[in-house]
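Structural overview
Chain by chain, the residues run as shown.
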Amino acid sequence: MESWRAVDVPSLPGAGQPLRLHDTATGEVRPVAAGRDARMYVCGITPYDATHLGHAATYLTFDLVNRVWRDAGHRVHYVQNVTDVDDPLLERAVATGQDWREIAARETELFRADMTALRVLPPEHYVGAVEAIPLVVELIERLKAAGNAYEVAGDLYFPVHADPRFGAVSGLDRDQMLALFAERGGDPDRPGKKDPLDCLLWQTARPDEPAWDSSLGHGRPGWHIECTAIALHHLGGPLDVQGGGRDLVFPHHEMGAAQAHVVTGEWPYARHYVHAGLVGLDGEKMSKSRGNLVFVSRLREQGEEPGAVRLALLAHHYRADWEWTGADLDTARRRLAAWRSAVAAPAGPDAGPLLAAVRERLADDLDAPGALRAVDRWAEEVRLRGGRDDRAPALVRATVDALLGVPL
Ligand code: 5CA
Ligand code: ZN
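Rules used throughout
- Residues numbered from 1 in each chain as written.
- Chains lettered and ligands numbered in written order.
- Predicted model: local features only at pLDDT ≥ 70, side-chain atom pairs only at ≥ 80, totals over all residues.
- Heavy atoms only, no water.
- Axes fitted to C-alpha atoms, helices over the stretch in contact; angles between N-to-C directions.
- Helix = DSSP H or I, 4+ residues; strand = E, 2+ residues; numbered from the N terminus.
- Parallel < 35°, antiparallel > 145°, perpendicular 65-115°, else oblique.
- Left-handed = near helix turned anticlockwise from the far one by under 90°.
- Contact = heavy atoms within 4.5 Å.
- Phe/Tyr/Trp six-rings, centres within 6.5 Å; stacked < 30°, edge-to-face > 60°.
- Buried < 20%, exposed > 50% of the residue type's maximum accessible area, 1.4 Å probe, protein only.
- Lys NZ or Arg CZ within 6 Å of the ring centre and 35° of its normal.
- Donors = N, O, S within 2.8 Å, 3.2 Å for Na, K, Ca; no water.
- Tetrahedral: all angles 85-135°; square planar, octahedral: opposite > 155°, others 65-115°.
- Core = buried A, V, L, I, M, F, W, Y, C linked by side-chain atoms within 4.5 Å.
- Near = heavy atom within 4 Å.
- Polar contact = N/O pair within 3.5 Å; in protein donor to acceptor, adjacent residues only side chain to side chain.
- Areas by Shrake-Rupley, 256 points an atom, 1.4 Å probe, with all protein chains shown as cover.
- Nonpolar A, V, L, I, M, F, W, Y, C, P; charged D, E, K, R; others polar.
- Salt bridge = Lys/Arg side-chain N within 4 Å of Asp/Glu carboxyl O.
- Pairing = 2+ DSSP bridges.
- Expected span 1.5 Å × (residues − 1).
- Arc of directions from axis to C-beta.

**Here we look at the packing of helix H11 (residues 352–363) against helix H13 (residues 392–404)**
In the contact formed by H11 and H13, the axes pass within 9 Å of each other and the chain directions differ by 10°. By the criterion of interaxial angle, the relationship of H11 to H13 is roughly parallel. Every pair of crossing elements has a handedness; the one defined by H11 and H13 is right-handed. Residues Gly352, Leu354, Leu355, Val358, Arg359 and Leu362 of H11 form the contact with H13, whose participating residues are Leu395, Val396, Thr399, Leu403 and Leu404.

**Considerations on the packing of aromatic side chains**
Geometry of an aromatic ring pair is reported as the spacing of the ring centres plus the angle between the planes. Under the defined criterion, the tally for this structure stands at eight aromatic pairs. With a centroid separation of 5.6 Å and 90° between ring planes, the pair formed by Trp4 and Phe111 is classed as edge-to-face. Taken together, the residues span a long stretch of sequence, with Trp4 in the segment before strand S1 (20–22) and Phe111 in helix H3 (residues 100–117) at a distance of 107 residues. Both residues of the pair, Trp4 and Phe111, belong to the buried class. Aromatic pair Trp4 and Tyr126: ring centres 5.3 Å apart, planes at 85°, arrangement edge-to-face. Highlighted residues: Trp4 in the segment before S1 and Tyr126 in strand S5 (residues 125–128), separated in sequence by 122 residues. Through a chain of ring-to-ring contacts, three or more aromatic side chains come together here, namely Trp4, Tyr59, Phe111 and Tyr126. Its end group placed over the ring of Tyr150, Lys194 keeps NZ or CZ at 4.5 Å from the ring centre.

**Some remarks on the coordination of the zinc ion (ligand 2)**
At this site the zinc ion (ligand 2) is bound by Cys43 (SG), Cys227 (SG) and His252 (NE2), with donor distances of 2.0 to 2.2 Å. Coordination at the zinc ion (ligand 2) is tetrahedral: its four donor atoms span angles of 101 to 119° at the metal. On the primary sequence, the residues serving as donors to the zinc ion (ligand 2) are separated as C-x183-C-x24-H. Of this pair, Cys43 sits in the loop between strand S3 (37–42) and helix H1 (53–71) while Cys227 sits in helix H6 (residues 223–234), and the two are 184 residues apart along the sequence.

**Observations concerning the nonpolar core**
Within the largest apolar cluster, 73 residues are counted, with the highest numbers of intra-cluster contacts made by Leu21, Trp69, Leu313, Trp324, Leu362, Trp378 and Leu404. Setting aside anything within four residues of it in sequence, one finds Leu404 in contact with Leu64, Arg310, Leu314, Trp339, Leu362, Ala371, Leu372, Val375 and Thr399. Tyr41, Ile230, Ala260 and Val263 belong to the second largest nonpolar core, which has 44 residues in total.

**Some points on the environment of Val249**
Among the structural elements, Val249 can be located in helix H7 (residues 249–264). The spacing of Val249 and His275 is 26 residues in sequence and 7.4 Å in space, taken between C-alpha atoms. Those residues within four positions of Val249 in sequence are excluded, and the remaining contacts are Thr24, Ser170, Glu254 and His275.

**Brief notes about the site of ligand 1**
Neighbouring ligand 1 are 24 residues, the closest being Gly44, Thr46, Thr58, Thr83 and Asp247. One of the side-chain N or O atoms of Thr46 is found 2.8 Å from a nitrogen atom in ligand 1. In this structure, a nitrogen atom belonging to ligand 1 sits 3.2 Å away from a main-chain N or O atom of Gly54. When ligand 1 is considered free in solution it has 600 Å² of accessible area, and contact with the protein chains removes 94% of it. Put simply, the parts of the chain that give the shell around ligand 1 at least two residues each are H1, H6 and strand S11 (239–245). When its residues are assigned to classes, the shell around ligand 1 shows nine nonpolar, twelve polar and three charged.

**Focus: the pattern of salt bridges**
Counting across every chain of the model gives 32 salt bridges. Across the pair Asp63 and Arg67 runs a salt bridge, and its minimum N-O distance is 2.8 Å. Taken together, the residues Asp63 and Arg67, both in helix H1 and four residues apart, mark about one turn of the helix. You'll find Asp63 and Arg67 in the same group, each marked buried. For Asp401, the salt bridge goes to Arg119, with nearest N and O atoms at 3.4 Å. In this pair, Asp401 is assigned in helix H13 and Arg119 in the loop between H3 and S5, connecting sequence segments 282 residues apart. Of the two residues examined, Asp401 and Arg119, each falls in the buried class.

**Things to note about the pairing of strand S8 (residues 199–204)**
Along S8, five of the six residues are buried, which leaves the element largely enclosed by surrounding structure. As paired strands, strand S7 (residues 155–158) and S8 are joined by three bridges and run antiparallel to one another. What sits directly across from Tyr157, in S8, is Leu200. As paired elements, S8 and strand S10 (residues 217–221) share three bridges and run antiparallel to each other. Paired with Gln203 across the bridge in S10 is Arg220.

**Quick look at helix H10 (residues 326–343)**
Since the α-helix advances by 3.6 residues per turn, residues separated by three or four positions end up pointing in the same direction. Here H10 contains 18 residues, and its C-alpha end-to-end distance of 26 Å stays within 8% of the 26 Å for a straight helix at 1.5 Å per residue. Every buried residue of H10 is listed here: Asp328, Leu329, Ala332, Arg335, Leu336, Trp339, Ala342 and Val343. Seen along its axis, H10 keeps its buried residues to an arc of 150°; they face one direction. Those residues of H10 that are exposed and aimed more than 90 degrees away from the buried face are Arg334 and Ser341. Looking at the buried side of H10, the elements it contacts are helix H8 (296–301), helix H9 (306–314), strand S15 (322–323), helix H12 (368–385) and H13.

Next up, the structure:
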């Protein structure tokens, strides 16, 4: 499907440092993307409601990866999906009496508008689950042919123990896996499964639900295989980064890794599993099902500047879980004003060290809060002492635009 419009990214003098990122599977922070081409797959939205600040924080995390990679000279290959057919979307359609396709199209369009406003660089391929059905069917056929799919009352399941490394991404024990599987869309109690953790690959048509004809029969794909098929087709393995929010570690990314390992024989499926912390409000994870949401689009309607929203989110380290409060935006507005007033000065202190500091902070597991503080110090220096370098304001503008995505 259509991606969204790219914004210009100013080029900066010299080149950025190699990025080091935390990998959930190993627990280490280590260099990512050794080659010139860098491949990243990030799990996209399920479009049944508008983009909230938790989603935005996750996509900004991977936008920083994209920007830091580009600055370091990589060719970035970035793919994102849209889960435009799945249980939560169909349930919302029934609950509201709307057509699921209309909800999906409307919310996906709103997401594009939010991402554009936030200056998130678009993926090279933005792929819907529905349009990817042929890819999914092909991958399931490969699993089936190798004896790695079995039937339960017309539905097809992936046997997790086909992968001897199952569990290596999340490192969870079986009880933890069972609890999360039940909580996050799995069906551990379904009779007839070989292992309660086995996940659905293909669901045969149910009355009043959408279904597609395929060599597997009339039905629709399961969730995990959707991302595996899209990533393998558009990027091939191994991925440099498989990304998403922390709620996707298990089962989603564990299942994806297992399916890909079994089908390709290659390990690891992703060299880094990168997970953003969860943003909450009032002590609970911000989620569509809980309804405690602050929408990016609502803030935009209220006249909030997207650059301030961006700075409010980047002020928290991506790996932290944190709670949104109105104070985040107040701080961000003040910061934006202080930076703008500093770059409006005719000259400032040499900005070369600032560019180096921002690059250094971001390369160190995306320490955006540290990068923001470095810009704060430069702006404070201008305010207190001024400076003589008349090229400095333009370089700071370019640095903040290219690396942090905020126009000053
Ligand atoms: N379509 C699937 C992924 S294939 C999905 O999880 N969709 S979603 O709409 O529920 O979430 C979209 C992205 O936002 C995912 O990467 C998810 O991990 C992330 N996310 C969801 N809630 C939060 C939150 N409260 N804080 C941070 N990230 C979140
Ligand atoms: Zn996914």
